[in-house]
There are 4 protein chains.
Amino acid sequence: MEDKYIGVLTSGGDASGMNAAIRAVTRSAICNGFKVKGIYRGYEGLINDEIREFTTQDVSNIIQRGGTILKTARSDEFMTKEGRKKAFEVMQKEKIWALVVIGGNGSLSGARIFAEEYNVPCVGLPGTIDNDLYGTDFTIGYDTALNTIVECVDKIRDTATSHDRIFFVEVMGRDAGFLAQNSAIASGAEAAIIPEDQTDVDQLETFISRGFRKTKNSSIVIVSESPKGGGAMHYADRVRREYPQYNVRVTVLGHLQRGGSPSAADRILASRLGEAAIQALIQGQRNIMVGVRNSEIVYVPFVEAIRKDKPLDRSLIKLLNELSI
Amino acid sequence: MEDKYIGVLTSGGDASGMNAAIRAVTRSAICNGFKVKGIYRGYEGLINDEIREFTTQDVSNIIQRGGTILKTARSDEFMTKEGRKKAFEVMQKEKIWALVVIGGNGSLSGARIFAEEYNVPCVGLPGTIDNDLYGTDFTIGYDTALNTIVECVDKIRDTATSHDRIFFVEVMGRDAGFLAQNSAIASGAEAAIIPEDQTDVDQLETFISRGFRKTKNSSIVIVSESPKGGGAMHYADRVRREYPQYNVRVTVLGHLQRGGSPSAADRILASRLGEAAIQALIQGQRNIMVGVRNSEIVYVPFVEAIRKDKPLDRSLIKLLNELSI
Amino acid sequence: MEDKYIGVLTSGGDASGMNAAIRAVTRSAICNGFKVKGIYRGYEGLINDEIREFTTQDVSNIIQRGGTILKTARSDEFMTKEGRKKAFEVMQKEKIWALVVIGGNGSLSGARIFAEEYNVPCVGLPGTIDNDLYGTDFTIGYDTALNTIVECVDKIRDTATSHDRIFFVEVMGRDAGFLAQNSAIASGAEAAIIPEDQTDVDQLETFISRGFRKTKNSSIVIVSESPKGGGAMHYADRVRREYPQYNVRVTVLGHLQRGGSPSAADRILASRLGEAAIQALIQGQRNIMVGVRNSEIVYVPFVEAIRKDKPLDRSLIKLLNELSI
Amino acid sequence: MEDKYIGVLTSGGDASGMNAAIRAVTRSAICNGFKVKGIYRGYEGLINDEIREFTTQDVSNIIQRGGTILKTARSDEFMTKEGRKKAFEVMQKEKIWALVVIGGNGSLSGARIFAEEYNVPCVGLPGTIDNDLYGTDFTIGYDTALNTIVECVDKIRDTATSHDRIFFVEVMGRDAGFLAQNSAIASGAEAAIIPEDQTDVDQLETFISRGFRKTKNSSIVIVSESPKGGGAMHYADRVRREYPQYNVRVTVLGHLQRGGSPSAADRILASRLGEAAIQALIQGQRNIMVGVRNSEIVYVPFVEAIRKDKPLDRSLIKLLNELSI
């Protein structure tokens, strides 16, 4: 098996815990008799042969680091047949027989097509702060991002409370409200405006009509980023226009949600999933994402994982309403 | 229902997230038409009538605070029949018809006896950093303690790496190795010495014989506190005696593991469980602990919850061994 | 002296460490035989008599909290002669003979006029994250804000490095570049764009022409908020237009810079200044701000403190240039 | 000047900010036309030729890291004439004409002897968490350690307050009380027991007789490590014996005080001092430590810097007493 390399890459938006996953994949592979090659800059680096062998030492002292030592990128070329052909040729040249891809929706979609076209064993790990991959309870980076948001909102609340203001805080999450809804509960926010609710009701109106300033002098509303809704700025403008008596401020948390040292939960999740990816390859599985359901490792076909409709537990909406009285 | 009070107390060792639980119990109760009284200093304060009514404002701005605004204590008097009689009389006087008890093993054992003797509706919430309550995947405070430990070990690793040393870091957990085993994985430690393994093998010997200094210049071993094993100091002394070539240091993390602002996960857990406690009372449940299994709320009879044998996922032991190569 | 009250208030933008200052003023006053009254919501609360007596316990357990327990506000009414007249009458009614005002430029300007008009002993404490008060090396809240910014930029750098991007990060500071310049040095940023340099050179041009992408794949530029310069968004737009080959992102840190638990340095500074304010009153000083120069307590006349030209140590500009090669 | 190398090493106990200093020395040297070699494991590595050239990239992305990438050690061999002879020979072989030594008392003492014996330009940077070097207001690592202690005590206070307990918390500082006294003020502790006061009064007796439990239900006492005093355990034992009515706990913070990401102040200090070290060498200075006094760079002869009597500002003792009422 001396020339049987497993390649590992990170792709798409970075997420905290990706390094812990790279470490787990590398060490678990070596521990099981494989060799490992790190592929830099995602599919782009696979196409351009930015690849080098990894030993156990190469992944020392990285479990606590944010970002990804393999760097990441979005690759337009890999979206083309020619790009994937080049990628496959590089894999053959580098003697990489299997690929572990750590990334989100787009990255796993790419892996799926590639695996089908070239019959390459591909295993995906869910690496995204958005938690929007179907078939896994949690994605790598989600818990860290959630904690980062909550720490930021704790700080903003100091100011909100001191000044009797309404703050609209915009958080990431793409089309999913996991970060927004859960950070709202965890930070004691008064409301969350999330994409899952966007079609049917006017969430701002609901918030206002619940009388948010009756017994409170300050309020924090978490707003999910979203092309449809318009984001925090949009809602702040509406309040300024429709309820000029309120003192409104906006904070868009932005990219600081992606980085930082991963939380304990994300490091453990990444470690477990990384090991399970190697087990999956040993068992002959391919074209699957490794996830965790009810604390157990599960293998989810790519085609399932990238479904767009991962449900948000709607009891959390009721919970937030009850606890923000 | 105007005079139907629900009493809430925290008991035993404090855990981060207890305040979030107090807030959720209070607001959910009020939201469902009940009134709430806060009982100070655990059962001790119940016996001595250290009680006052709580409004929604009394629990404002506490979700992010460590410790417990209700304070906590261990009560010898409540262990006696006379003590519990006094407690019941105070409850009648204060018009408290039901009790929500937030605490660990000992606290729920007390609630169980009390509930049986006086037919009082008692609902328990698992509040302990040790995660050793049966029937719930997580206890309130565990995730925060785990993160605190991991942040401390990250700092210690800076020194360990800079000096080529072995560090034995002792963590809490009473008779359970959840904190030790999981913090070892999350911090990239080289080994964990836990009570669950204590009887059969010499864990230190295993660690040494795995050749911990072969490719590494520094090592961190997480040791669970434990009357049997002797703790970190004991193992450090053994290494000094048996392997004098190693440069050994000990850190006992101590009480800083209990406090601090709760993690997002602990705040959400505490919020969910607090609301579920009120639902349980509405449904007429009693003598149960509210827990979470596979992300779902569950109701666990006290007698089950306080069993001593909550199992540690043994695949985590294999995982640590593989990833610390 | 039983009816000789010292009044304490916080005014203007909140800053971390204000609570530590309130605690120090209160306890030092009581320790020296005075009584203390807390005035809520700044000058607004002084005018409206939102005042209550403070004991040593009222300021227990607040040294570690961000924001201000006295709340703060900007008061238009206090800007008028009538408003100040009302304020003085309330002071007489409440038997407050002296005022300690914790705040920034505007707040101390108000105190100055008030002290002159009514011959009231007023002592100011520099409470602002901007560090823009003349005559003191540091203001309360500056060190905390600096650390918050640096922690955020550390997280953003994880993403910048992983993606090979240029980030423009906008920080607070009003017309002063202290936060921007020093956070740039501390976070290892590639450049800072500050108001102090704004008139003479095109700082973006300088940054670009220094060849910021020669040996580096990612860059972080800290931009001071500033009505003149246009902020981070302005510079990002310029880069997108003038250098479209670069991948640019913007983060505006916003209000999270104000809050959070104060740093050790801010707590110590606030404690020292709070005590010194009481000493100043005992010595018969008035119409001065208490500051710290070269580690020593100094008393600065208000008229000096609110000068607009506190100099930035220009060697820091050279330092950043040298270290970001 | 192409073969004129400046060597940089870290020695003694590690301190947070050493990496920022290494980065500043390296980049400032290169910026001024020198070449740089990194010497691993302190004087030990100098003797054993563990040396390699450093470019600006070698010190990229390290400013935020605790510990030291150059590693550190205590060297017995360098204490001998033979050891220093070897060290000098290695310097000649490696074409290192000048040495920048980052470390504490012992490290600078070694540099002093070496510089005198071999007429080698040696410049020291104060790198120690203890802040005990004479002639500089602050040492690299002190501010970070202070913040780490204060964050830990904040957590311990959550538990102390919840349980009505006295905590003795032992902190580092060797023979100096800077960390203990200042962390006590910053954490709102009730007392500090420091070496500077040890000879004349019974500090515990003073603390008790001030009636520490009169109006408070919990207390935190910071105890400086110290061979003379006996440390936190000693004082806790005395309280248990002499005042058994109190509920006492001990936490020894230990090595976690050394590590962690450096504070903003430490990064800026390290950056300034690192640049100043190169300026000193250019100016022909040698046998001096670079320090900071009243915000200005100063050059302190080694023999001054290593004096044992850096004074503690005794007004801080009075301040703590006043504010802990």
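Residues numbered from 1 in each chain as written. Chains lettered and ligands numbered in written order. Predicted model: local features only at pLDDT ≥ 70, side-chain atom pairs only at ≥ 80, totals over all residues. Heavy atoms only, no water.

**Focus on the packing of aromatic side chains**
And step 1. Tallied over the full model, the rule gives 32 aromatic pairs over all chains.
And step 2. With a centroid separation of 4.6 Å and 15° between ring planes, the pair formed by Phe88 of chain C and Tyr118 of chain C is classed as stacked. Placement of the pair is Phe88 of chain C in helix α3 (residues 81-93) and Tyr118 of chain C in helix α4 (residues 105-118), with a sequence separation of 30 residues.
And step 3. Residues Tyr43 of chain D and Phe78 of chain D carry aromatic rings whose centres are separated by 3.9 Å and whose planes lie at 0° to one another, so their mutual orientation is stacked. (Phe/Tyr/Trp six-rings, centres within 6.5 Å; stacked < 30°, edge-to-face > 60°. Helix = DSSP H or I, 4+ residues; strand = E, 2+ residues; numbered from the N terminus.)

**Details of the interface of chain B and chain A**
And step 1. Tallying the contact residues gives 47 residues for chain B and 47 residues for chain A.
And step 2. Both faces combined, the contact of chain B with chain A buries some 3,600 Å², and carbon together with sulfur accounts for 54% of it.
And step 3. The largest per-residue losses of area from chain B upon contact with chain A belong to Glu322, Leu323 and Ile325 of chain B, which jointly make up 17% of the total buried on that side.
And step 4. For the pair chain B and chain A, the number of links is 4 salt bridges.
And step 5. Measuring nitrogen to oxygen at the nearest pair gives 2.7 Å for the salt bridge that ties Asp154 of chain A to Arg267 of chain B.
And step 6. Breaking the side of chain B that touches chain A down by element, the ones donating at least two residues are α1 (18-31), α5 (142-163), α6 (178-187), α9 (264-282) and α11 (315-323) of chain B.
And step 7. The dominant element in the side of chain B that touches chain A, judged by the number of residues it contributes, is α9 of chain B, at 8 residues. (Contact = heavy atoms within 4.5 Å. Buried area = accessible area lost by both parts, 1.4 Å probe. Salt bridge = Lys/Arg side-chain N within 4 Å of Asp/Glu carboxyl O.)

**Some details on unusual backbone geometry**
And step 1. A positive phi angle, near 55°, is found at Asn119 of chain C, a position not held by glycine.
And step 2. For Asn119 of chain C, the location among the structural elements is in the loop between α4 and β5 (122-126).
And step 3. We classify Asn119 of chain C as exposed; its relative accessible area is 56%.
And step 4. With phi around 60°, Lys95 of chain D is a residue other than glycine that occupies positive phi space.
And step 5. What makes Lys95 of chain D partly exposed here is its relative accessible area of 44%. (Buried < 20%, exposed > 50% of the residue type's maximum accessible area, 1.4 Å probe, protein only.)

**Focus on the pairing of strand β4 (residues 96-103) of chain B**
Each regular strand displays side chains that alternate between the two surfaces of the sheet.
Residue and element names in this part refer to chain B.
And step 1. Burial within β4 is extensive, with 7 of its 8 residues counted as buried.
And step 2. As judged from the 6 bridges shared by strand β1 (residues 5-10) and β4, these two strands associate in the parallel manner. Pairing of Tyr5 across the sheet is with Ile96, part of β4.
And step 3. The pairing of β4 with strand β5 (residues 122-126) spans 5 bridges and is classified as parallel. Paired with Leu99 across the two strands is Cys122, which belongs to β5.
And step 4. Handedness of the crossover joining β4 and β5 through helix α4 (residues 105-118): right-handed. (Pairing = 2+ DSSP bridges. Right-handed = clockwise from strand over helix to strand, strands pointing away.)

**Digging into the environment of Arg41 of chain C**
And step 1. Tracing the sequence through the fold places Arg41 of chain C in the loop between β2 (35-39) and α2 (42-47).
And step 2. Between the alpha carbons of Arg41 of chain C and Phe114 of chain C there is a distance of 17 Å; along the sequence they are 73 residues apart.
And step 3. Once residues lying within four places of it in the same chain are set aside, the contact partners of Arg41 of chain C are Asp164 of chain A together with Thr10, Glu50, Leu70, Lys71, Thr72 and Ala73 of chain C.

**Focus on the environment of Arg174 of chain A**
All names here are of chain A.
And step 1. Note on placement: Arg174 falls in the loop between β6 (166-171) and α6 (178-187).
And step 2. Between the alpha carbons of Arg174 and Asp132 there is a distance of 8.5 Å; along the sequence they are 42 residues apart.
And step 3. Discounting residues that sit within four places of it in the chain, Arg174 has contacts with Asn105, Asp130, Asp132, Pro195, Ser224 and Glu225.
And step 4. Within polar-contact distance, the side chain of Arg174 engages the side chain of Asp130 at 3.5 Å. (Polar contact = N/O pair within 3.5 Å; in protein donor to acceptor, adjacent residues only side chain to side chain.)

Function cannot be inferred from these measures alone, as they are strictly geometric.
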